[in-house]
Structure formats: structure tokens, C-alpha cells
Amino acid sequence: MSDSFLQVTNLKKYFAVREGLFSSVKSFVHAVDGVSFEIEKGKTLGLVGESGSGKTTVGRVLLGLLEATSGEVYFEGIKVFELKRKALRSLRKRMQIIFQDPYGSLNPRMTVGGMLGEVLSIHHLVRKNERRERIAELLYLVGLQPEHMNRYPHEFSGGQRQRIGIARALAVEPELIIADEPVSALDVSIQAQILNLLQDLQEKLKLTYLFIAHDLSVVKHISDEVAVMYLGKIVERAGCRELFSHPLHPYTQALLSAVPIPDPRRRKEHLMLRGDITSPIHLPRGCRFHNRCPQVMDRCKKEEPRLQKQGNNHTTACHLYQGNQMQTTDKRL
Ligand code: SF4
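Bear in mind the structure is a predicted one, so any value in this text is a computation, not a measurement. (Residues numbered from 1 in each chain as written. Predicted model: local features only at pLDDT ≥ 70, side-chain atom pairs only at ≥ 80, totals over all residues. Heavy atoms only, no water.)

Some points on the pattern of salt bridges
Counting across every chain of the model gives 17 salt bridges. For Glu72, the salt bridge goes to Lys79, with nearest N and O atoms at 3.9 Å. In this structure, Glu304 and Arg288 form a salt bridge, with 3.2 Å as the shortest nitrogen-oxygen distance. Of the two residues, Glu304 is situated in the loop between helix H10 (250-257) and strand S11 (308-309) and Arg288 in the loop between H10 and S11; the sequence distance between them amounts to 16 residues. Look at Glu304 and you get buried, because its relative accessible area is 4%. (Salt bridge = Lys/Arg side-chain N within 4 Å of Asp/Glu carboxyl O. Helix = DSSP H or I, 4+ residues; strand = E, 2+ residues; numbered from the N terminus. Buried < 20%, exposed > 50% of the residue type's maximum accessible area, 1.4 Å probe, protein only.)

Here is the structure:
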């Protein structure tokens, strides 16, 4: 075990598939299938992949919203899955989530002040007579005004609602924030404002982020490291600059080729991905990406590539960069 702030080791989350409510388990959805990573305190790991890659499930398992099938999570060296209920509850306060859809996650019948006050009261964070002051402070922290505490969610724009979602997450003074597609429901101009806000807050409050997104361009400016997920596994991981300048895995290359470049004089080839992501129930043999990969080889259909170091803190799981050692497909449930 390293002394990382957050360490995730061989995390798996399988969902049982039944044909009827009382029938036996027919198969499993391999949503997260052996994911390992660590994040240093105050840093950001961008976790990227298409819908169905398992990235959101990773976040939900870390927060305890879903139970892991197997694996380990260490939070400042503490084995999270071994904690008793009380200790787990107090640890969970140190981890908060920011959702993709701020409107859906805010109670439409409560004022912003009411919502933030409820969080402060449930967790006994400030005395009743200090609550208004703390709410005003939280609103100010996310770029809103104290008078906004008397308004309802529908009276705000999408960007402002996401600021409220961030204020609510910050109310319990967390150390780790799992930001699950926090800007994908927003206009591009607003996205930049929210990303800047998250960066400012990270600096000010020494926050650690797991930033989940389907779009590589979104994680580029906020991440120290980026991990790319495909069908429940991390297929490439590197420092942000390294990943964007030297993407190795064909899947990362395809995702990157879809990122628009603001300069029209710099053109690049758009690598189209064939078909959709494969079903996580019936996983293909060998490399999980082989039916969509433009560089597929015979070997890719038989052997599952292992995540291997390619130097400079850069790892990838692809036979294009590996020797001839045999790697059998993981045993599954
Ligand atoms: Fe493509 Fe083969 Fe690499 Fe998989 S292992 S990404 S199929 S080249």
C-alpha cells in the first residue's frame, strides 16, 4: 500500500442480471472490472471514457452508494471497506459528490438557504445562530451572493445551479470531491467558468478531485493525471500533458482526435470509432476494444493485453507496445 491520499486497488463491481424478480442470476454486467489508481492529496485525476465504460460506477462505489464486488479502497491509509458503520459515516463526510444534473439533485421546493442549512444542521457543523452567516460564506465561495439564499432552484441559470451544487458539497468541508460530469449539461461558455471555479476552490481549500467526464477536452485543463476507461478497465494512464501529447492506446487516440482544435490552420485526422461500446455482459475474448480498433491484430482477439508501464509514468494496455508474453483473459464471475 502506498501513502497516497486515495488508493484504489483491483476494484470490481459486477451487477447480477436476472430474467425475473425471483429467478436465479443469469449473468453479470462487468461495470468495473479490476480498476486500480491512486490520487495524491490536492491533485486531480481525470477519469475519462464513453458512456458504459464504468467511470461513474467507480465514483459511486468510492462514495459507498454502491457496494463493491471486490477490491480495496484506502483513504489516507484507512481500509474503507473494513470500517464499521459509524466510522464509515464520518469518513463519508470527507468525500462529496458533484452531480452532472444540478437541477435534478436540488430540491425544487426548498430555497437555497434551506438546502444548505439542512446540510449544516444534519451534520451539526455550526450553531443555529451562525447558520445564515455560514450559508452566505458558502455562496460567496462559489461566486453567488448572500441574497441568493432566499431563492428557489428554478430561479437560477444552469451554471448558477451547478454553483449551488458545489456549495452544498463544500458545506461539510470535504477533502475529496468526486465530480461526475459536472459541466457536461452546461453551455460551453459556462463550462469554462465552472472549471475555473473548481480550480480556484481546489487551490483555496486544498481539495483532491476525481473528475469524471466523457470528454477529454474537459479534463485537460483541470487534471494532473488522466486515466482512460473502456468497458470496465483502465486502458491508459499518464500525466495530463504526456497523455495529450503522446497518446498510445488506439482508443485514447480516437477520443483525442474528436477534441476540436481552436486554430483552423491546424487540421487533424478524425479517427472514427466503429460501432458502439460492446455489451459489458458479453465481454469479447482478448482485447475488449478489438472489434472497434483500427489497428487490431490476430493476437488481440485471443489475448487480453495487460496494463504495462511505457516509461515516464505512462501505462497502457495494448499489444502494440507489448512483447510476446501470454496473458489470459481474466477469470470472471
Ligand atoms: Fe487495438 Fe490490439 Fe491494442 Fe486492443 S490490443 S487496442 S485491439 S491494437
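A closer look at the packing of aromatic side chains
One pass over the full model with this rule turns up 5 aromatic pairs. Here the aromatic rings of Tyr14 and Phe28 are separated by 6.4 Å at their centres, their planes lie at 55°, and the arrangement is tilted. In this pair, Tyr14 sits in strand S1 (residues 6-18) while Phe28 sits in strand S2 (residues 25-39), placing the two residues 14 residues apart along the sequence. Judged by centre distance (4.6 Å) and plane angle (65°), the rings of Tyr230 and Tyr251 are edge-to-face. (Phe/Tyr/Trp six-rings, centres within 6.5 Å; stacked < 30°, edge-to-face > 60°.)

Some points on the nonpolar core
Ile166, Leu170, Leu198, Phe211, Leu216 and Val226 are the most contacted members of the largest nonpolar core, which totals 58 residues. Leave out the neighbours within four places in its chain, and Val226 touches Leu45, Gly46, Val48, Leu216, Val219, Glu236, Arg237, Ala238, Cys240, Leu243 and Phe244. (Core = buried A, V, L, I, M, F, W, Y, C linked by side-chain atoms within 4.5 Å. Contact = heavy atoms within 4.5 Å.)

Brief notes about the environment of Ser24
Structurally, Ser24 is set in the loop between S1 and S2. Not counting residues up to four positions away in its chain, the partners in contact with Ser24 are Val17 and Arg18.

So, the sheet that holds strand S5 (residues 78-79)
Strands sit in the order S2-S1-S4-S5 across an open sheet of 4 strands; the sheet is antiparallel. Each of the sheet's edge strands pairs with one partner strand only, and the pair in question is S2 and S5. As judged from the 2 bridges shared by strand S4 (residues 70-75) and S5, these two strands associate in the antiparallel manner. Looking across to S5, one finds that Tyr74 is bridged to Lys79. Each of S1, S2 and S4 is contacted by helix H1 (residues 55-62), which is oriented at about 110° to S1, the strand it contacts most. (Pairing = 2+ DSSP bridges. Axes fitted to C-alpha atoms, helices over the stretch in contact; angles between N-to-C directions.)

Some thoughts on a positive patch on the surface
On the surface, a cluster of positive charge is made up of Arg274, Arg285, Lys301 and Lys302. Within the secondary structure layout, Arg274 lies in the loop between H10 and S11. When its relative accessible area of 46% is taken as the criterion, Arg274 is described as partly exposed. (Patch = residues over 30% accessible without salt bridge, like charges linked within 9 Å, V, L, I, M, F, W, Y side chains within 5 Å. Areas by Shrake-Rupley, 256 points an atom, 1.4 Å probe, with all protein chains shown as cover. Lys, Arg positive; Asp, Glu negative; His and termini not counted. Charge placed at Lys NZ, Arg CZ, Asp CG, Glu CD.)

Side note on the pairing of strand S10 (residues 233-239)
Successive residues of a regular strand alternate their side chains across the two faces of the sheet. Among the 7 residues of S10, 7 are classified as buried, and the element is accordingly described as predominantly covered. In this structure, the hairpin formed by strand S9 (residues 225-230) and S10 is closed by a connection of 2 residues, where Leu231 is found at a positive phi of approximately 45°. Where S10 lies against strand S12 (residues 315-316), 2 bridges are found, and the strand directions are antiparallel. By the bridge assignment, Glu236 is partnered in S12 with Thr316.

Notes on the confidence of the model for the protein
Of the residues in the protein, 92% have a pLDDT of 70 or more, and the chain-wide mean is 89. Across residues 325-333, confidence stays below pLDDT 50; counting only partners more than four residues off in sequence or on other chains, it has 25 contacts. (pLDDT = per-residue confidence, 0-100.)

Let's talk about the packing of helix H4 (residues 112-122) against helix H5 (residues 131-141)
Closest axis-to-axis distance for the H4/H5 pair is 10 Å, and the angle between their directions is 115°. With respect to H5, the element H4 is oriented roughly perpendicular. Every pair of crossing elements has a handedness; the one defined by H4 and H5 is right-handed. For the pair H4 and H5, contact is made by Val112, Gly113, Leu116, Gly117, Leu120 and Ser121 and by Arg131, Arg134, Ile135 and Leu139, respectively. Of the residues belonging to the contact of H4 with H5, the class tally is 5 nonpolar, 3 polar and 2 charged. (Parallel < 35°, antiparallel > 145°, perpendicular 65-115°, else oblique. Left-handed = near helix turned anticlockwise from the far one by under 90°. Nonpolar A, V, L, I, M, F, W, Y, C, P; charged D, E, K, R; others polar.)

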